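Observations on chain architecture
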Amino acid sequence: MTLLCALALCGTASAQTRFVGYIEQPYPTYMNVFNHTDETNPFRRLSILVGSQRPQASTYDSTYALLQPGQYGGNVSTIPIKVVYNFLYAPKEVQQVPRSVFGFDAVIHFDGTTQLGKRHGAVYVTDIGDFNFPATYDISSPVVSDEWIYHTGLWKFANTDDRIDLLSCRVQINEGLVRYAELVWLEHPLQGINRNWNVRVLKDSSCDGNMATARFDIGLIQSYDAIFTTGRYTNRLTVYWSISARDLWDDPDNVLGGVIEGGREYHDVVAADINNDGKVDLLLSIGANEGGSVEVYEIPEDFREVDLYQNHVLASGFNSRNNGLEGRTPGIVRPFYPDSNHARKPWIYVAGADDGRAYILRPVTESPTDWSYTQLTIVDQGSEQHVAGIAAADVDGDGWTELFVSVTTRDRLEIYTFRP
Ligand SMILES: [Ca+2]
Ligand SMILES: [Ca+2]
Ligand SMILES: [Ca+2]
């Protein structure tokens with residue numbers, strides 16, 4: 001019976017996704033899941049946060065939430081859409097803030113881009129205790145606004161004051177060249193969220209893209225929080241750690257780092273156990289106009305030994321379809337499970353960005369030494385289309401994962417489910 005079950009009959013997800021419907025929204029981009037931690041009804045537990053980017057110069061962009069979409073089944077046009085913040089420049093990331101940071105539900109935005117009129121990026125926090133009355137604060141540049149592009153951040157106790165701080169990467173681009181690329185510490189102020197957050201540079205010429213963190217024990221007594229960062233402008237994959245005895249990040253002299261690899265356009269980075277061998281790996285998307293890829297770096301016993309990271313290519317040959325114009329593919333990449341069975345290798349979703357597609361990478365076997373994947377195209381919008389974001393979550397609690405895909409250039413959020 002067990003064998004039969006394993007082969008076919010136990011509700012194991014097939015690669016088939018079923019189209020549920022789509023929502024019309026202008027220029028949707030990056031997405032994340034918002035968890036209503038006090039909600040016990042599985043239909044109401046999750047919302048989806050969505051960013052947007054209008055192609056016109058000097059226009060504001062918005063972030064919004066698909067509020068508790070699990071309640072609406074296939075009637076996706078009835079899902080309430082709540083604006084979170086309306087005054088952003090091409091938000092790179094819209095994320096839930098853990099309640100431990102402020103004591104209330106909040107969302108953080110990182111914005112700024114190289115597009116004309118959208119270069120003054122910042123970090124904003126929105127108090128979202130009530131989705132009907134959001135209140136937003138600029139925590140990075142309340143006085144002077146420079147042309148920073150912020151991508152994402154990590155919450156961390158950087159000093160000893162018991163208030164959780166933010167680490168972020170930011171970049172200034174001048175005529176296509178990197179002027180500054182900095183790992184910065186935004187200090188959570190004593191007086192509250194709406195006061196000036198001090199921004200201090202921990203490492204210059206360091207990073208400009210996404211970030212991931214994982215904790216490692218070295219020997220019997222040393223533990224480190226490693227911070228992995230990418231640079232799509234600085235063209236490096238780097239790791240940083242602190243040699244402060246209490247793992248604090250308030251002194252640049254205590255922050256050390258190393259370059260794991262250079263020379264390519266490292267875009268997304270996620271720290272997760274991809275091959276299910278019990279050890280955290282790095283999942284990367286490496287963007288290019290032609291020849292982009294999805295790769296894994298296995299982290300060595302001592303994560304500081306940057307020469308010992310082992311590279312595996314999971315999928316390659318991603319090409320932009322921009323009708324001759326320069327593009328970037330693939331975009332974001334994340335591990336996920338298609339159903340409630342999490343005792344195995346995760347699957348991976350890939351936003352194709354300028355190739356107009358969305359993909360799933362499904363492991364061929366469960367062997368930790370087998371890095372082969374079946375690449376499945378779930379959305380193909382054709383050429384000159386942009387697929388920026390994907391989010392995966394079981395929003396209605398039926399055990400099957402839903403996928404939300406932003407088809408930016410068609411003003412559509414498409415919804416799929418793995419439920420057969
Ligand atoms: Ca602090
Ligand atoms: Ca692993
Ligand atoms: Ca579901």
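Heads up: the structure comes first, above all this text.
Here's what I pulled together on the structure shown here. This one's a predicted model, so the numbers in the text were calculated from it and none came from an experiment.

Observations concerning the sheet that holds strand β17 (residues 255-262)
The four strands are arranged β14-β15-β16-β17 in an open sheet whose pairing can be described as antiparallel. Because the sheet does not close on itself, it has two edges, and the strands there are β14 (211-218) and β17. Along the sheet, successive strands turn relative to each other by an average axial angle of 25 degrees, direction set aside. Two elements, strand β15 (residues 222-230) and strand β16 (residues 236-242), share four bridges in a ladder whose sense is antiparallel. Residue pairing in the sheet places T229 in a bridge with T238 of β16.

Side note on the pairing of β16
Extensive coverage of β16 is indicated by the burial of seven of its seven residues. The alternating pattern of β16 places R236, T238, Y240 and S242 on one face and L237, V239 and W241 on the opposite face, and all of these are buried. Between β15 and β16, which follow one another and run antiparallel, lie five residues, and N235 among them has a positive phi close to 55 degrees. Pairing between β16 and β17: seven bridges, direction antiparallel. Across the sheet, the residue bridging to V239 is G258, located in β17.

Concerning the pairing of strand β11 (residues 165-174)
Among the ten residues that make up β11, seven are buried, leaving the element largely enclosed by the rest of the structure. Across six bridges, the pairing between strand β10 (residues 149-156) and β11 is antiparallel. Residue G153 lies in a different strand from β11, and its bridge partner there is S168. Alignment of β11 against strand β12 (residues 177-187), held across nine bridges, turns out to be antiparallel. Residue pairing in the sheet places R170 in a bridge with E182 of β12.

Parameters and conventions
- Residues numbered from 1 in each chain as written.
- Chains lettered and ligands numbered in written order.
- Predicted model: local features only at pLDDT ≥ 70, side-chain atom pairs only at ≥ 80, totals over all residues.
- Pairing = 2+ DSSP bridges.
- Helix = DSSP H or I, 4+ residues; strand = E, 2+ residues; numbered from the N terminus.
- Axes fitted to C-alpha atoms, helices over the stretch in contact; angles between N-to-C directions.
- Buried ≥ 20, exposed ≤ 12 C-beta atoms within 10 Å, placed from the backbone.

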